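Inside the fold
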Amino acid sequence: MLGTDFRTGSPNWIDLGSPDTDAAAAFYGAVLGWTFVSAGPEAGGYGFWQVDGKTVAALGPLTEEGAGSAWMVHFDTRDIRATAEAVRAGGGQVRMEPMDVMGEGWLAQFTDPQGAQFASWQPGRTRGLGLASAENTLVWVELHAPDPLAAIAFYRGVFGWRDADMTAPGMTYRVLSTAEGDQQDTSFGGVAEQGEGAGGASAMVPRWVPYFHVADVDTTVSTIEGSGGAVMMPAANVPGVGRIAWATDPAGAVFALLKPDPRM
């Protein structure tokens, strides 16, 4: 599971681009108990969601023309320019060139060769999220791609990730780990074939999906529906993983819930 001892290739930041940041702040506050804190007038509406005073995600207005509301997963890099070159060399697209974010770190945004968007963060004063894998925080990230093996090869070229097959009902699931450290201990996410797994037919767009750890998936699903969101996949048990559900917020951003199996 995710932690905050970030290594190269670790998910170290996550943010939501939304057409209505006030509505998004209210929705996730109701669903996950998050408190929104503005980054100040110079940040252009960007701010941070916190749990117990620690940053667990961020929120900002949409900045790309024609973009829809979506969660963006950021992966740690110690050389963001080299990461951008590796993305290009692997057939991906650099949507936003590396830029200094007010001394807090360096940011770049990319699209992989199959169309999934992601970003990289090179830590400066801000290393990354302050809390992960606790209740109501990011616990897992999952890529849905038409060709999982090609996707893994691309990201291996960019971040050096390792992968291992995992038995899952009706599908082949590949667990991702960082290049360094114990492979199981540094696992942080997985890759599934587009249209398989939790998202089913609704996962037909290549994308990274964040999973948030919740105490009670069914209760959280009810809160989502009562707060204007929608359920893509009802709560279900996955052997050896836990209880999961997929949902969208009122603006259509896709996310997932997980109550991990305590034996994990």
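Read on for an overview of the structure. (Residues numbered from 1 in each chain as written. Predicted model: local features only at pLDDT ≥ 70, side-chain atom pairs only at ≥ 80, totals over all residues. Heavy atoms only, no water.)

**Description of the pattern of salt bridges**
- Enumeration over the complete set of coordinates arrives at seven salt bridges.
- Between Arg88 and Glu97 there is a salt bridge, with the nearest N and O atoms lying 2.3 Å from each other.
- For Glu97, a relative accessible area of 44% gives the class partly exposed.
- A salt bridge links Glu104 to Arg125, with the shortest nitrogen-to-oxygen separation between them at 3.1 Å. Here Glu104 is found in the loop between strand S6 (93–100) and strand S7 (105–111), whereas its partner Arg125 is found in the loop between strand S8 (117–123) and strand S9 (138–145), with 21 residues between them in sequence. (Salt bridge = Lys/Arg side-chain N within 4 Å of Asp/Glu carboxyl O. Buried < 20%, exposed > 50% of the residue type's maximum accessible area, 1.4 Å probe, protein only. Helix = DSSP H or I, 4+ residues; strand = E, 2+ residues; numbered from the N terminus.)

**With respect to the layout of surface pockets**
- Its volume calculated, the largest pocket comes out at about 1,200 Å³.
- Looking at the largest pocket, it is lined by 45 residues, and the ones nearest its centre are Asp15, Tyr46, Met72, His74 and Gln109.
- A per-class count over the lining of the largest pocket returns 25 nonpolar, 13 polar and seven charged. (1 Å grid on protein atoms, 1.4 Å probe; cavity = no way out; pocket = protein on both sides within 12 Å on 5 of 7 lines; lining within 4 Å. Points joined across faces, edges and corners; volume = space filled by probe spheres on them. Nonpolar A, V, L, I, M, F, W, Y, C, P; charged D, E, K, R; others polar.)

**Describing the sheet that holds S8**
- One open sheet accounts for eight strands, arranged S2-S3-S4-S1-S5-S8-S7-S6; its pairing is mixed. The sheet is open, and its two edges are formed by strand S2 (35–38) and S6, each paired on a single side. On average, each strand axis in the sheet is inclined to that of its neighbour by 25°, with strand direction left out of account.
- The sheet strands contacting helix H1 (residues 21–32) are strand S1 (11–18), S2, strand S3 (47–51), strand S4 (54–61) and strand S5 (70–76), and the helix crosses S4 at an angle near 150°. (Pairing = 2+ DSSP bridges. Axes fitted to C-alpha atoms, helices over the stretch in contact; angles between N-to-C directions. Contact = heavy atoms within 4.5 Å.)

**Concerning the packing of aromatic side chains**
- Per the stated rule, a full pass over the model turns up 31 aromatic pairs.
- Ring centres 6.3 Å apart and planes at 70° place the aromatic pair Phe118 and Phe159 in the edge-to-face group. Residue Phe118 is found in strand S8, and its partner Phe159 is found in helix H3 (residues 148–159); the two are separated by 41 residues along the sequence.
- Site record: aromatic cluster; members linked through ring pairs are Phe75, Phe110, Phe118, Phe154, Tyr155, Phe159, Trp161, Phe188 and Trp208.
- We note Arg81 situated over the ring of Trp106; from NZ or CZ to the ring centre the distance is 4.7 Å. (Phe/Tyr/Trp six-rings, centres within 6.5 Å; stacked < 30°, edge-to-face > 60°. Lys NZ or Arg CZ within 6 Å of the ring centre and 35° of its normal.)

**Observations concerning the nonpolar core**
- Among the nonpolar cores identified, the biggest contains 58 residues, and Tyr28, Trp34, Trp49, Trp71 and Trp208 are the most heavily contacted of them.
- Counting residues in hydrophobic clusters, the runner-up holds 15 residues, among them Met171, Tyr173, Ala192 and Met233. (Core = buried A, V, L, I, M, F, W, Y, C linked by side-chain atoms within 4.5 Å.)

**So, the pairing of S3**
- When S2 meets S3, the two strands line up antiparallel, connected through four bridges. Residue pairing for S3: Ser38 is matched across the bridge by Gly47.
- Alignment of S3 against S4, held across five bridges, turns out to be antiparallel. Its bridge partner being in S4, Trp49 is matched across the sheet by Ala57.
- Hairpin connection between S3 and S4: a loop of two residues separates the two successive antiparallel strands, and Asp52 in this loop has a positive phi of roughly 55°.

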